[in-house]
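Spelled out from the first residue to the last, the chains are:
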Amino acid sequence: MALLRAASPSDFGPAIEAGRVMLRTPQMSDYPAWAELRATSRDFLMPWEPLWAPDELSRASFRRRVRHYLRDLREDVGYALFIYDKVTNALVGGLTLCNVRRGVTQSCTLGYWVGAEYAQQGYMTAAVRAVVPFVFDTLELHRLEAACLPTNTASMRLLDKTGFQREGLARRYLRINGVWQDHILYALLDSDPRI
């Protein structure tokens, strides 16, 4: 794994390369590929995500999103990364480390999405495995949390395969597709074996 870190927070943030994937902070130049992938994957993604805004795929909405990502990066509260196939340079999905908490907690939450045409091809497994050393070795966090719907078997398999431990059920935890829904909680600790 190669980890490249920006020289300063005003730069574009971390870039992580491992195996078949490269992860890096989103930039405005990513808009066309992002909008196309999200549009063609809309039906695939909507059951697992918050409701999409009417202007979800607009350039203005993407610009706001990128500004938010860069502010989170500067403030060390979140790290958004787009996932690319290293061979084709195709955008295949995204991964977010959000709710970074320091102090006695030293943890963050993992979120992710993959385009429909790239699902179940190992991209997200490679991306999650690539980001774990960044979380524990670079950010020096203690705990990486994730949650998924009980019906999302692909997500449960991903978390199991990448070493996360199931911790329980959170009732009506997140509002997904317009409905408050239960989620299965997972976590990976810095002391857990890395798979």
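Preceding this section is the structure that the text describes.
Note on numbering: residues in each chain are counted from 1, in written sequence order. Where local features are concerned, this predicted model is filtered to residues with pLDDT of at least 70; where side-chain atom pairs are given and counted, the filter is 80 or more; whole-chain, interface and lining totals use all residues. To get the side-chain values, all heavy atoms of the structure are used, and hydrogens and water are removed first.

1. Let's talk about unusual backbone geometry
In terms of backbone geometry, most residues other than glycine have negative phi values and most peptide bonds are trans. Located in the positive-phi region is N99, a residue other than glycine, with phi close to 55°. Strands are runs of DSSP state E lasting at least 2 residues, helices are runs of H or I lasting at least 4, and numbering of each runs from the N terminus. Relative to the helices and strands, N99 is located in strand β5 (residues 91-101). N99 sits in the partly exposed class, given a relative accessible area of 46%. Unusually for a residue other than glycine, E140 sits at a positive phi of about 60°. Among the secondary structure elements, E140 is positioned in the loop between α4 (123-138) and β7 (143-148). Burial status follows relative accessibility: with a 1.4 Å probe on protein chains alone, a residue under 20% of its type maximum counts as buried, one over 50% as exposed, and anything between as partly exposed.

2. Considering the nonpolar core
Put simply, buried Ala, Val, Leu, Ile, Met, Phe, Trp, Tyr and Cys residues joined by side-chain atoms within 4.5 Å make one nonpolar core. Ranked by internal contacts, the top residues of the largest apolar core, which has 53 residues, are L23, W34, L95, L97, L144 and F164. When residues in this core are grouped by element, the largest group, 11 residues, is from α4. Any two residues whose heavy atoms approach within 4.5 Å are treated as being in contact. Discounting chain neighbours no more than four positions away, the residues touching W34 are E56, L57, F62, R65, F82, L91 and W113.

3. Quick notes on the packing of aromatic side chains
Between 30 and 60 degrees the pair is tilted, below 30 it is stacked and above 60 it is edge-to-face, where a pair is any two Phe, Tyr or Trp rings, Trp via its six-membered ring, whose centres lie within 6.5 Å. For the coordinates displayed, the defined rule picks out six aromatic pairs. Both rings, one in Y118 and one in Y123, keep their centres 5.7 Å apart while their planes meet at 90°; by these two values the pair is edge-to-face. Both residues of the pair, Y118 and Y123, count as buried. Among the aromatic side chains, those forming a connected cluster through ring pairs are Y31, W34, F62 and F82. Geometry around Y123 places R20 over its ring, the cationic atom sitting 3.8 Å from the centre. Ring-over charges, as used throughout, are those where CZ of Arg or NZ of Lys falls within 6 Å of the ring centre and within 35 degrees of the ring normal. Sitting over the face of the ring of W113, R38 holds its NZ or CZ atom 4.6 Å from the ring centroid.

4. Some remarks on the pattern of salt bridges
Between Lys or Arg on one side and Asp or Glu on the other, a salt bridge is scored when a side-chain nitrogen of the former is within 4 Å of a carboxyl oxygen of the latter. Tallied over the full model, the rule gives nine salt bridges. Where R64 meets D55, a salt bridge forms, and the shortest distance between an N and an O atom there is 2.8 Å. For R64, a relative accessible area of 44% gives the class partly exposed. E167 is the partner of R143 in a salt bridge, and the nearest nitrogen-oxygen pair spans 2.4 Å. Within this pair, whereas R143 is found in strand β7, its partner E167 is found in strand β8 (residues 165-176), the two being separated by 24 residues in sequence. Overall, E167 belongs to the partly exposed group, its relative accessible area being 46%.

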